[in-house]
Protein chains: 2
Amino acid sequence: MNIKEATKKMKQDSSRMAALSLEERNRALEAVTRALQKNRERIFAANREDMDAAKASGVPESVMKRLKFDEHKLEDVLAGIEGLIGLPDPIGKVQLARELDEGLKLYRVSCPIGVIGIIFEARPDALVQISSLCIKSGNCAVLKGGKETARTNRVLFETIYQAALQAGAPEGCMLQAEQHNEIDELLSCHGSVDLLIPRGSNQFVQYIMNNTKIPVMGHADGICHIYVDQDADLSKAVPVIVDAKTQYTAACNAAETLLVNRACAAEMLPVIAAALKDAGVKIRGTREAAELIRPVAECEVMEEEEFHTEYLDMVISVKLVEDVQEAIAHINQYGSHHTDSILTENRETAELFMQLVDSAGVYQNCSTRFADGFRYGFGAEVGISTGKIHARGPVGLEGLVTYKYRLFGQGHIVGDYASGKKQFHFKELQ
Amino acid sequence: MNIKEATKKMKQDSSRMAALSLEERNRALEAVTRALQKNRERIFAANREDMDAAKASGVPESVMKRLKFDEHKLEDVLAGIEGLIGLPDPIGKVQLARELDEGLKLYRVSCPIGVIGIIFEARPDALVQISSLCIKSGNCAVLKGGKETARTNRVLFETIYQAALQAGAPEGCMLQAEQHNEIDELLSCHGSVDLLIPRGSNQFVQYIMNNTKIPVMGHADGICHIYVDQDADLSKAVPVIVDAKTQYTAACNAAETLLVNRACAAEMLPVIAAALKDAGVKIRGTREAAELIRPVAECEVMEEEEFHTEYLDMVISVKLVEDVQEAIAHINQYGSHHTDSILTENRETAELFMQLVDSAGVYQNCSTRFADGFRYGFGAEVGISTGKIHARGPVGLEGLVTYKYRLFGQGHIVGDYASGKKQFHFKELQ
């Protein structure tokens, strides 16, 4: 069966998946936990094969870490599922209850989205996380993971899928796509697939966004900024900047650009630059910034247009600005509406920054690296969205549900209200 | 200035628009109210010109009603703005407040989407409604109305725009597009325009959805169903069906298809068909349905594929089904996920229908015509969405806002949590 036919079948099954009770969904998650433990040796063996093949083909050490699925990663995902089981039901929540008129009652109730396609990087733990989030939220999931961990993914998928089926989930609850060409097929499945969540490189996500009619949730770029205000506390600024840049450079929430207020640049920038240099960061900046940095560290002069760059590496762009307004304007123009932080002790300046910066996350005195579903206390995340429609920022269970309006009448007709015979009275129900 | 440049400017101004206080936005709405009253004669005169031109060019009487903007319509929109002023602020709402760790506080706060493009049919009252919803929610609006009321729209737009400016809104708060070719220009403004809301014909909305990278909220089809269950109360069924079909046939929430349970069809269908005939409705149906209908009314036999038809006219499709499951399957396959109603006195059957029908509105014992922002008590609506992402069903103020995460730290870095030096404690704040 090809992807098109398979997702049509999933669409049909999606209403049965949506109708599973919280108990049934939690039971399925418990079955998944047990199955993963039972199949641990098969999973680890498959992962060792993937790791060996990746090493042989010259995959760099930093990426190898992501491919790995060992005892430690298994414990992490099991703890994650445990946490998920404990979370309240995201579906069936009554968001609005209103009597429109005598005997005519309106309820807005959360429900699953339906069929969700998730395309993710070569990280086996992501497959477990995503599929368990979909089970908890009553959604059917099409999963396409990175090819470097194809063997691990196959065993993990089979383990989870069989456990879910045995616990009562419908046949179409999950589907694994394994071939790269199946991605294009998936992109054409509007009508069956309700939402796509792509994760991966900027270019890849952009490709998905440009080649499908299915709504896409995610982010292409992660060009995060840190603005050092004239009222910044240097003792906080240095560790925050070093953390935001170096703690995990490959992450979308790592800082790429440092903006420094001219009033404090001569005092603070050399100290910051020295710390970045010590941490192994290559510094690039405007001519003006370079003049202040060069006494303590090398600084390559860069052009204005290059401030659009997402390095995802130990490199940072530096620019001086006149005031918070110029910093805000720079961020809104060159940023990616992901996460931006202001370092200042001044409440008003921070408020202005947080009000006017048009990003999913606006921070004061902390590292941009906090932009993450786990760190926000969501239990898990399916991805981070820089769009403004539906979910924004780190997306947990909430981003996987929509709602429907249920209206209960007793033969009510609109004609009676149009003619003035009856009037709505709009009473909120408890 | 062309649309592309104008929307870039609006994007820049959108953060100032978002920063207006509730008081400032309400003051702007009050100014709009006064300006509309002051300019009433100019507005009516422009509308008379539009009406004369429309009449001369042979616009049908049913459409002429929509074009009209007279004393009565003015009173309606003024009452609408008055209601809007009284509504609570949709922006600045704290949706989540959580201490992640000592001194590290996360808030999720609602905020405007930014720049919204709205393309709507020739209905001058829609221009007033939409622009006032955008002012209340702090959004900048690009407005393109139907050409048949171009003169009325121009006077209304200038009146509202000047009033908003004088009340302190930024220059880029509103823009009127008047030429049809400007629609295509608007569709290419991703990066400046955050959301498009098209209203109008199925074909037109489909065109918009297929030709832009900007997220689109709205609906193309409105193929609404009524299912008459074997446990239906015929005395309720007849008026509900007649209302849903005939009360306003041009509306997207008018019923297009009637499904009848075989167990009660012989008893109920002839009565329903006779009532539809009396109301002037042309009936089409499957061969099986036609046999039951023909003793009381004409019935054209139709093919299965024709159940995809949205008539928007005094015509209805009729089919018999074996049970509620077959009704649900038909609706999910042929419907448009808009609004569907079951007529039954059986709670369990209704629950099953409401659970499994994949539509924005699922009703029991009432007319599909209730699917409307005003009737839901939202004060006003910008449109009805059949998508599942962001807003679904009738969309009021809530659909015009998103949120951002504000995180306040005191020099917090992720490194401390990754190393285990610190732990998150996730305390909900009041």
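Residues numbered from 1 in each chain as written. Chains lettered and ligands numbered in written order. Predicted model: local features only at pLDDT ≥ 70, side-chain atom pairs only at ≥ 80, totals over all residues. Heavy atoms only, no water.

Tell me about the packing of helix 2 (residues 22–38) of chain B against helix 5 (residues 71–86) of chain B, and please be specific about residues and values.
Residues and elements named next belong to chain B. Between helix 2 and helix 5, the least distance of the axes is 10 Å, while the angle of their chain directions is 165 degrees. Taken together, helix 2 and helix 5 sit at an angle that is classed as roughly antiparallel. By crossing handedness, the relation of helix 2 to helix 5 is classed as left-handed. Residues N26, L29, E30, V32, T33, L36 and Q37 of helix 2 lie in contact with helix 5, whose contacting residues are L74, L78, I81, L84 and I85. Grouping the amino acids of the contact of helix 2 with helix 5 by side-chain chemistry returns eight nonpolar, three polar and one charged. (Axes fitted to C-alpha atoms, helices over the stretch in contact; angles between N-to-C directions. Helix = DSSP H or I, 4+ residues; strand = E, 2+ residues; numbered from the N terminus. Parallel < 35°, antiparallel > 145°, perpendicular 65-115°, else oblique. Left-handed = near helix turned anticlockwise from the far one by under 90°. Contact = heavy atoms within 4.5 Å. Nonpolar A, V, L, I, M, F, W, Y, C, P; charged D, E, K, R; others polar.)

Just give me the short version of the side chain of A:T7, but keep the residues and values in it.
Tracing the backbone through its elements, the reader meets A:T7 in helix 1 (residues 3–19). Here A:T7 is in contact with A:V142, A:L186, A:C189, A:S192 and A:V193, once residues within four sequence places are set aside.

Any chance you could break down the sheet that holds strand 6 (residues 195–198) of chain A for me, citing the residues and the numbers?
Two pairing modes exist for strands in a sheet, parallel and antiparallel, and in both the strands are linked by backbone hydrogen bonds. All names here are of chain A. Across the sheet, four strands lie side by side as 5-4-3-6; this open sheet has parallel pairing. Across the chains shown, the open sheet's two edge strands, defined by having one partner strand only, are strand 5 (174–176) and strand 6. Taken over all neighbouring pairs, the strand axes of this sheet differ in orientation by 15 degrees on average, direction set aside. With four bridges connecting them, strand 3 (residues 115–119) and strand 6 associate as parallel partners. Note on strand 6: the bridge partner recorded for I119 is P198. Relative to the sheet, helix 1 contacts strand 3, strand 4 (140–144) and strand 5, its axis offset from that of strand 4 by approximately 145 degrees. Its contacts with the sheet put helix 7 (residues 150–166) on strand 4 and strand 5, and the angle it makes with strand 5 is roughly 165 degrees. (Pairing = 2+ DSSP bridges.)

Quick rundown of the packing of aromatic side chains? Include the residues and the values.
Tallying each qualifying case throughout the model produces 28 aromatic pairs over all chains. Ring geometry for A:F370 versus B:Y417: centroids 5.7 Å apart, planes at 75 degrees, classification edge-to-face. Linking A:F370 in the loop between strand 13 (361–366) and strand 14 (383–385) with B:Y417 in helix 15 (residues 415–418), this pair reaches from one chain into another. Given the relative accessible area of 0%, A:F370 is considered buried. Aromatic side chains A:F378 and B:Y405 sit 6.0 Å apart centroid to centroid with 50 degrees between the ring planes, which places their arrangement in the tilted category. Placement of A:F378 in the loop between strand 13 and strand 14 and of B:Y405 in strand 16 (residues 401–412) is noted, with the two residues assigned to different chains. (Phe/Tyr/Trp six-rings, centres within 6.5 Å; stacked < 30°, edge-to-face > 60°. Buried < 20%, exposed > 50% of the residue type's maximum accessible area, 1.4 Å probe, protein only.)

Quick rundown of empty space enclosed by the protein? Include the residues and the values.
Unfilled space is identified by rolling a water-sized probe across the atoms. Enumeration according to the criterion identifies three cavities of 30 Å³ or more in this entry. Each pocket or cavity is described by its volume, and for the largest cavity that value is around 60 Å³. Taken together, B:K144, B:G145, B:G146, B:K147, B:A150, B:N153, B:Q176, B:A177 and B:E178 make up the full set of residues lining the largest cavity. Sorting the residues of the lining of the largest cavity by element identifies helix 7 (150–166) and strand 5 (174–177) of chain B as the ones contributing at least two each. Of the residues that constitute the lining of the largest cavity, the class distribution is two nonpolar, four polar and three charged. Approximately 50 Å³ is the volume found for the second largest cavity. Lining the second largest cavity, in full, are A:I197, A:P198, A:R199, A:M217, A:G218, A:H219, A:G383, A:I384, A:S385 and A:V395. Considering only residue class, the lining of the second largest cavity consists of five nonpolar, four polar and one charged. (1 Å grid on protein atoms, 1.4 Å probe; cavity = no way out; pocket = protein on both sides within 12 Å on 5 of 7 lines; lining within 4 Å. Points joined across faces, edges and corners; volume = space filled by probe spheres on them.)

Requested: an account of the side chain of B:D50, with residues and values cited.
Within the secondary structure layout, B:D50 lies in helix 3 (residues 40–56). On the basis of relative accessibility, which here comes to 1%, the residue B:D50 falls in the buried class.

Could you give me a rundown of the relation of the copies chain B and chain A, with the residues and numbers involved?
Rotating chain B by 180 degrees and translating it 0.0 Å along the rotation axis places it on chain A, where the RMSD comes to 0.0 Å. When the rotation and shift are considered jointly, the pair of chain copies conforms to a two-fold rotation axis. Residue B:H390, judged by its C-alpha, is the member of chain B lying nearest the rotation axis, at 1.8 Å. Comparing interface residues between copies, 100% of those in chain B also sit at the interface in chain A, which points to an isologous, same-surface contact. (Least-squares fit on C-alpha atoms with pLDDT ≥ 70 in both.)

Tell me what's going on with the sheet that holds strand 7 (residues 224–228) of chain B, and back it up with residues and numbers.
Taken together, 11 strands build an open sheet; the order of strands is 17(A)-1(A)-2(A)-16(A)-13(B)-12(B)-7(B)-8(B)-11(B)-9(B)-10(B) and the sheet is mixed. Of all strands in the sheet, those with a lone pairing partner are strand 17 (427–428) of chain A together with strand 10 (300–301) of chain B, marking the two edges. As paired strands, strand 16 (residues 401–412) of chain A and strand 13 (residues 361–366) of chain B are joined by five bridges and run parallel to one another. From the neighbouring strand, A:F408 faces strand 13 of chain B, where its bridge partner is B:Q364. Across the sheet, helix 11 (residues 262–278) of chain B is in contact with strand 7, strand 8 (255–261), strand 9 (282–285) and strand 11 (315–321) of chain B; its angle to strand 8 of chain B comes to roughly 145 degrees.

An account of the interface of chain B and chain A is requested, with residue identities and associated values reported.
With 72 residues of chain B at the contact, the number on the chain A side is 72 residues. For the pair chain B and chain A, the summed buried surface comes to about 6100 Å²; carbon and sulfur atoms form 59% of the total. The interface formed by chain B and chain A holds eight salt bridges in total. Of the charged contacts, one joins B:E398 and A:R108 as a salt bridge, the two residues approaching to 2.8 Å between their closest N and O atoms. Linking chain B with chain A are 45 residue pairs in polar contact (both at pLDDT 80 or more). The leading source of residues in the side of chain B that touches chain A is strand 16 of chain B, at 11 residues. Of the residues belonging to the side of chain B that touches chain A, the class tally is 36 nonpolar, 19 polar and 17 charged. (Buried area = accessible area lost by both parts, 1.4 Å probe. Salt bridge = Lys/Arg side-chain N within 4 Å of Asp/Glu carboxyl O. Polar contact = N/O pair within 3.5 Å; in protein donor to acceptor, adjacent residues only side chain to side chain.)

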